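Structural features, examined
Listed here are the chains, written in short residue letters.
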Amino acid sequence: IRHEVQTCGEMGEIIERVTGTPYADYIDRELLRPLGLEQTFFCDERRIIPNRAEGYDHQGDELVNAHYVSMHVFRSGGSLCSTVEDLVQWTHLLHTSQVVSQASLRQMTSPTELSGGEIIPRGYGLYLGYLGGHRKIYHGGVFGFGAFLAHYPEDGLTIAVLTNSSRGREKAEEMEEALAWAALGIEVLDLPVAAGDISLYEGPYIYRVGQEIRELRVFGQDGQLKGQIDDGSPFRLRYQGDHFFVHERDVDIRILFAVENGRSEEIT
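Let me sum up the structure you'll find in this document. (Residues numbered from 1 in each chain as written. Predicted model: local features only at pLDDT ≥ 70, side-chain atom pairs only at ≥ 80, totals over all residues. Heavy atoms only, no water.)

1. Quick notes on the state of the cysteines
The bond known as a disulfide is covalent and runs between the sulfur atoms of two cysteines. The tally for this structure, following the rule as stated, stands at one disulfide. Here Cys-43 pairs with Cys-81 through a disulfide, and the sulfurs are 1.7 Å apart. Here the S-S torsion is close to 140°, and the disulfide linking Cys-43 with Cys-81 is therefore right-handed. In this pair, Cys-43 is assigned in the loop between strand E1 (41–42) and strand E2 (56–59) and Cys-81 in strand E4 (residues 80–81), connecting sequence segments 38 residues apart. Of the residues examined, Cys-43 reaches a relative accessible area of 8% and is grouped as buried. (Disulfide = S-S within 2.5 Å. Helix = DSSP H or I, 4+ residues; strand = E, 2+ residues; numbered from the N terminus. Buried < 20%, exposed > 50% of the residue type's maximum accessible area, 1.4 Å probe, protein only.)

This is the structure in structure tokens:
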């Protein structure tokens, strides 16, 4: 995140030097107002913004005001206030060549090749992924709030979720995925796994992601089948039938166990 903010901040500096105009003024005059995004602003603390939401944080179970952070610190690295309506409108404008050309949009939404040859699922400031086989372009927001904006280009679907809690970042993403599942008609089963069958799948498995070797540990806990990738957090595996499971939160992580002679020997 620091690298992303630093890079975007450098772009803002370039805009100011080339145009001789403060970044906030330039974005407002040359981008937001011409596009009709009347509810999107640079989050200047001195500006009167009608219906501006307050950010909240948590101390244990107690709700408190979020620590004050001036948006001037981040400038072009993340300092805009908006609404769900404007975020959806922005996405529509961006993907219909009303902001940049289709050639530039393809660059923005294509994986990036690093100098060492590694390919990462990031475009120009945008994350790239899939949900249930549907291509997804997305990003989130932080700093005392939770925001998540996702676009499914082949489906013509855009979902924006905004919250005013620092814990809301994860919740906003979960809400977006739940809405997308319903809108796209993605059906994920949660069939019961017989207690006697859990041992069929338990054990360590090695698999490859690109050039990386990863380990998946599968184990039973409280009558459920769970998985853990390397040293990450455990997650529940939702049974779809015929030895096929999906990650409880990411339906694009799918595991098919090859079971022979009463024991799973490998996964795909």
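From this point, the discussion proceeds with the structure in view.
2. Observations regarding the packing of aromatic side chains
Under the definition given, this model contains eight aromatic pairs. Considering the side-chain rings of Tyr-127 and Tyr-138, the 5.6 Å spacing of their centres and the 20° angle between planes classify their relative orientation as stacked. Pair noted here: Tyr-127 is in strand E7 (residues 127–131) and Tyr-138 is in strand E8 (residues 134–141), with a separation of eleven residues, a long-range link. Plain terms: the ring middles of Tyr-138 and Phe-148 are 5.6 Å apart, the flat faces sit at 25° to each other, and that makes the pair stacked. Residue Tyr-138 is found in strand E8, and its partner Phe-148 is found in strand E9 (residues 146–152); the two are separated by ten residues along the sequence. Each residue in the set Tyr-201, Tyr-205, Tyr-239, Phe-245 and Phe-257 is aromatic and connected to the rest through ring pairs, giving one cluster. Taking NZ or CZ as reference, Arg-122 lies 4.2 Å from the ring centre of Tyr-127, over its face. In this arrangement the basic side chain of Lys-136 is found over the ring face of Tyr-138, its NZ or CZ atom lying 5.2 Å from the centre. (Phe/Tyr/Trp six-rings, centres within 6.5 Å; stacked < 30°, edge-to-face > 60°. Lys NZ or Arg CZ within 6 Å of the ring centre and 35° of its normal.)

3. So, the nonpolar core
By size, the foremost hydrophobic cluster in this structure holds 16 residues, and its most contacted members are Tyr-201, Leu-216, Val-218, Leu-225, Leu-237, Phe-245 and Phe-257. Of all the secondary structure elements, the ones that give two or more residues to this core are helix H6 (198–201), strand E12 (212–221), strand E13 (224–229), strand E14 (235–241) and strand E16 (254–260). Beyond its immediate sequence surroundings of up to four residues, Val-218 is in contact with Tyr-201, Glu-202, Gly-203, Tyr-205, Leu-225, Lys-226, Gly-227, Leu-237 and Phe-257. Residues Tyr-152, Leu-157, Ile-159 and Ile-186 belong to the second largest nonpolar core, which totals 15 residues. (Core = buried A, V, L, I, M, F, W, Y, C linked by side-chain atoms within 4.5 Å. Contact = heavy atoms within 4.5 Å.)

4. A few points about helix H5 (residues 168–184)
Along its 17 residues, H5 runs 23 Å from first to last C-alpha, staying within 8% of the 24 Å computed at 1.5 Å per residue. If you check which residues of H5 are buried, you get Gly-168, Ala-172, Glu-176, Glu-177, Ala-180, Trp-181 and Leu-184. Along its buried surface, H5 packs onto E7, E8, E9, strand E10 (157–163) and E14. One or two positions beyond H5, positive phi appears at Gly-185, with a value near 70°. (Expected span 1.5 Å × (residues − 1).)

5. Focus: helix H3 (residues 84–94)
What H3 keeps buried is the set Asp-86, Leu-87, Thr-91, Leu-93 and Leu-94. The buried residues of H3 occupy an angular sector of 165° when the element is viewed end-on, so they sit on one face. Buried residues along H3 sit in contact with helix H4 (102–108), E9 and E10. (Arc of directions from axis to C-beta.)

6. Quick look at the side chain of His-151
Structurally, His-151 can be placed in strand E9. Overall, the relative accessible area of 9% leaves His-151 in the buried class. Among the polar contacts made by the side chain of His-151, one reaches the side chain of Thr-158 at a distance of 2.7 Å. Apart from the residues lying within four places of it in its own chain, the contact partners of His-151 are Thr-91, His-95, Arg-135, Lys-136, Ile-137, Leu-157 and Thr-158. (Polar contact = N/O pair within 3.5 Å; in protein donor to acceptor, adjacent residues only side chain to side chain.)

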